[in-house]
Amino acid sequence: MEKLSSQEREFVKEITPKSEDFAQWYVDVIRKADLIDYAPVKGCMVIKPYGYGIWERIQEAFDRRFKETGHQNAYFPIFIPESFFQKEAEHVEGFAPEVAWVTHGGGEELTERLAVRPTSETLICAMYSKWIQSWRDLPVLINQWCNVVRWEKSTRPFLRTTEFLWQEGHTAHRTEEEAEEEALRMLEVYRERVENILAIPVIAGQKTEKEKFAGALRTYSIEALMGDGRALQAGTSHNLGQHFAKVFDITFLDQDDQLKYVWQTSWGVSTRLIGALIMVHGDDRGLVLPPKVAPLQVVVVPIAPRKQREMVLAEARALAVGLEDRVQIKLDDRPEYTPGWKFNDWEMRGVPLRIEIGPRDIEKGQVVLVRRDTGEKTAVSREGLETRVVRELEDIQATLFRRAKRFMDENTHQAETFAEIKEILEERRGLIWAGWCGKRECEDAVKEETGATIRCIPFEQPEGTMKCVCCGKGESRKVVFARAY
RNA sequence: CGGGGCGUAGCGCAGCUUGGUAGCGCGCCUGCCUUGGGAGCAGGAGGUCCCGGGUUCAAAUCCCGGCGCUCCGACCA
């Protein structure tokens, strides 16, 4: 027993405890779960197969909903001519500092520099201008999955990398109402997927002028709370209004014989969601993956003493085969590792459910189930195992969401003064509800004084009124402040 | 982009103060042995000491410059 506990300590040493140093814990988990490797170019990472597997699960889940809401996938080029990029003033100003430029091609200097897309609005708008003539061409509902590049000053795996993977939806509509509906519809898709698939509770709302997307009329977002009490924007949706349509001349002849500009939206989620998964669900033993995004949902670890090795492996194999139609399952039959080593390895990687099977279990016609979320071990009968496993996975998914929701609730506070905001941020962090009159000066002042920014103006406003936390003006909107990633 | 920490074998680190044969743990390879929470023994392989200059008879070590990772701030999915 004593030996066991010392081994456990030894093991845990490889991952810095979350409470000791959250940032270090985060990179330790990423390393031990084998999600990425650092690439030779600053701020770039290789997403390794296991990490990419998570992204694939996220893609599947989101893509399905995009299709269900009438969108089609397409692909636009990575290079954008400088002249296109320059057209929308606010947009350029917002993105210019972080654009990577291609100046040479085939050994010769280009006559016009090419931007490596930081986002594709400008190029896609240029194309829409050609494609859209009539009200009958609308709406255009296109999404693309791609990489984008933003030359960031400081980078962190998944949270902010020079190149990242995402999807960007770009739609064009006949009316302002339609565009607004679309922007909100897609934000709701994000909310639903992030909560139900990633098991991360979020707050949906509108961004302030200060925080909105460069060139948008209005920006909406879903905001999540990380384990260290900082907020993370998990997805955004923009009503672009007619800014881009006017600049790129995207017009259509309406039914009333009038030439009009389209109304547009764009919306995106990125590999940053993987960072959110890690920071919301992970624990001191490593990654914890909700079953619906886990590349591997169940791992079977055979306990195979030499003399019974073949017998146990055969049973384990049969077990895995019996489940493979229902769940993503893998049999870990590597002979060079001990069961204990495998337990730790798969736990670090966040596999939701482990099945242990050894001679003693076989004798009793049972297996041992071990949940990653609770660590709970249960001996269950092989009879009806399939149903049990599926049910267990569903319960893990639900438990993770419930746990994250409770954490968010417990770390959501109210403040009426700067001092209160400061105190909360210093002692507990988390999300802070406060009143805001709507003035930029007040928003800036809070940031200046406390470091907290307005994450969003939530759609769901609590009862009652609050005074502006800065200027004291009554009848203010209730907004959520936090320190953000 | 400012401030701090770090860069030595695949990973984690010691050595650097006070210059003089490059080390430890884990991992890896071979064999034996073993499997219910990171087993054991024996043998073995593996190094541009981040890069470039400089000082010196001699640099992982001292000096200058760069790059990268990381944390904290300013800017962003």
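Residues numbered from 1 in each chain as written. Chains lettered and ligands numbered in written order. Predicted model: local features only at pLDDT ≥ 70, side-chain atom pairs only at ≥ 80, totals over all residues. Heavy atoms only, no water.

1. Looking at the sheet that holds strand E4 (residues 79-81)
Note the cut-off: The pairing criterion is simple: DSSP has to find at least two bridges between the two strands. The helix and strand labels rest on DSSP assignments: H or I over at least four residues marks a helix, E over at least two residues marks a strand, and numbering proceeds from the N terminus. Throughout, an axis means a line fitted to C-alpha atoms (over the contacting stretch in the case of helices), and angles, computed between N-to-C directions, take values from 0 to 180 degrees.
The strand order across the open sheet built from 3 strands is E4-E6-E5, with neighbouring strands paired in antiparallel fashion. What marks the edges here is a single partner per strand, and that holds for E4 and strand E5 (100-105). Averaged over all adjacent pairs, the angle separating strand axes in this sheet is 45 degrees, with direction ignored. Pairing of E5 with strand E6 (residues 108-116) involves 5 bridges; the strand directions are antiparallel. Looking at the pairing, Gly105 lines up with Glu108 of E6.

2. Observations regarding the packing of helix H10 (residues 309-323) against helix H13 (residues 385-410)
Cut-off, in case you're wondering: A crossing counts as left-handed when the near helix is turned anticlockwise from the far one by less than a right angle, and as right-handed when that turn is clockwise. Here a residue-residue contact requires only that any non-hydrogen atoms of the pair lie within 4.5 Å. Following the grouping adopted for this structure description, the nonpolar residues are Ala, Val, Leu, Ile, Met, Phe, Trp, Tyr, Cys and Pro, the charged ones are Asp, Glu, Lys and Arg, and the polar ones are all others, Gly among them.
Where H10 meets H13, the axes come as close as 10 Å, and the angle between the chain directions of the two elements is 65 degrees. Of the two possible hands of crossing, H10 and H13 adopt the one that is right-handed. Contact with H10, carried on its side by Leu319, Gly322 and Leu323, involves Leu385, Glu386 and Val389 of H13 and no other residues of that element. When its residues are assigned to classes, the contact of H10 with H13 shows 4 nonpolar, 1 polar and 1 charged.

3. Let's talk about the confidence of the model for chain A
Here is the rule: The quantity called pLDDT is the predictor's confidence in a given residue, expressed from 0 to 100.
Of all residues in chain A, 97% have pLDDT values of 70 or greater, and the mean over the chain is 92. Throughout residues 1-11 the model reports pLDDT below 50, and contacts reaching past four residues in sequence, or to other chains, amount to 4 contacts.

4. Observations concerning the nonpolar core
The criterion, for reference: Residues belong to a common nonpolar core when they are buried Ala, Val, Leu, Ile, Met, Phe, Trp, Tyr or Cys residues joined through side-chain atoms within 4.5 Å. Relative accessible area decides the class of each residue, using a 1.4 Å probe on protein chains only: under 20% of the type maximum gives buried, over 50% gives exposed, and in between gives partly exposed. Each domain's extent was defined by an automatic or database domain assignment.
Counting residues in hydrophobic clusters, the biggest one holds 59 residues, and the most contacted among them are Leu35, Ile58, Phe62, Phe158, Ile200, Ile278 and Leu287. Split by domain, this core shows at least three residues from each of two domains, domain 1 (33-281) and domain 2 (298-392). Beyond its immediate sequence surroundings of up to four residues, Phe62 is in contact with Trp145, Tyr190, Arg193, Val194, Val269 and Leu273. Within the second largest apolar cluster, 27 residues are counted, among which are Ala115, Ala172, Ala216 and Phe248.

5. Description of the packing of helix H3 (residues 49-68) against helix H7 (residues 176-196)
Relative orientation of the contacting elements H3 and H7 amounts to 145 degrees, with a least axis distance of 10 Å. When you trace H3 past H7, the crossing you get is right-handed. Where H3 abuts H7, its residues Ala61, Phe62, Arg64, Arg65 and Phe66 lie against Met186, Val189, Tyr190, Glu192, Arg193 and Val194. A breakdown of the residues in the contact of H3 with H7 according to their chemical character gives 7 nonpolar, no polar and 4 charged.

6. Focus: the sheet that holds strand E16 (residues 329-331)
With mixed pairing, the 5 strands of this open sheet are ordered in space as E16-E15-E17-E18-E19. Only two strands of the sheet have a single neighbouring strand rather than two, namely E16 and strand E19 (377-381). If you compare each strand with its neighbour and ignore which way they point, the axes differ by 25 degrees on average. Strand direction decides the pairing type here: strand E15 (residues 298-302) and E16, joined by 3 bridges, are parallel. Residue Val298 lies in a different strand from E16, and its bridge partner there is Ile329. Against the sheet, helix H11 (residues 339-348) engages E15, E16 and strand E17 (353-357), with an angle of about 170 degrees to E15. Those strands touched by H13 are E15, E17, strand E18 (366-371) and E19, and its axis lies near 10 degrees from that of E18.

7. Some remarks on the pairing of strand E22 (residues 453-458)
Among the 6 residues of E22, 6 are classified as buried, and the element is accordingly described as predominantly covered. Sheet topology note: the strand E9 (residues 203-206)/E22 ladder contains 2 bridges and is antiparallel. Its bridge partner being in E22, Gly205 is matched across the sheet by Pro458. Sheet analysis places E22 next to strand E23 (residues 477-482), joined by 3 bridges and oriented antiparallel. In the strand pairing of E23, Ile454 is matched with Phe481.

8. Describing the side chain of Thr16
Rules: Nitrogen and oxygen atoms within 3.5 Å of one another constitute a polar contact, given that in protein one can donate a hydrogen and the other can accept it, and given that sequence-neighbouring residues count only through two side-chain atoms.
Mapped onto the secondary structure, Thr16 falls in the loop between helix H1 (2-12) and helix H2 (22-32). On the basis of relative accessible area, Thr16 is assigned to the buried category, the value being 14%. One polar contact links Thr16 to Asp28, side chain to side chain, over a distance of 2.6 Å.

9. Side note on H13
The condition that has to hold: To estimate how far a helix should extend, the number of its residues minus one is multiplied by 1.5 Å.
Over its 26 residues, H13 runs 36 Å from end to end, which matches the ideal 38 Å to within 8%, given 1.5 Å per residue. Taken as a whole, H13 has its buried residues at Leu385, Val389, Val390, Glu392, Leu393, Ile396, Gln397, Thr399, Leu400, Ala404 and Met408.

10. Quick look at the domain arrangement of chain A
Segmentation of chain A into domains returns domain 1 (33-281), domain 2 (298-392) and domain 3 (412-482). Averaged C-alpha coordinates put domain 2 and domain 3 at centres separated by 49 Å.

11. Some words on H7
The first and last C-alpha atoms of H7 sit 30 Å apart over 21 residues, in line with the 30 Å expected at 1.5 Å per residue. Listing the buried residues of H7 in full gives Ala179, Glu180, Glu182, Ala183, Met186, Leu187, Val189, Tyr190, Glu192, Arg193, Val194 and Glu195.

12. So, the packing of aromatic side chains
The test is simple: Aromatic rings from Phe, Tyr and Trp, taking only the six-membered ring of Trp, are treated as a pair when their centres fall within 6.5 Å; an angle between ring planes under 30 degrees marks them as stacked, one over 60 as edge-to-face, and anything in between as tilted.
One pass over the full model with this rule turns up 15 aromatic pairs. Taken together, a centroid distance of 5.8 Å and an interplanar angle of 45 degrees make the contact between Tyr128 and Trp131 tilted. In this pair, Tyr128 and Trp131 are both assigned in helix H6 (residues 121-131), 3 residues apart and thus about one turn of the helix distant. In this structure Tyr128 comes out as buried when scored by relative accessible area, which is 1%.

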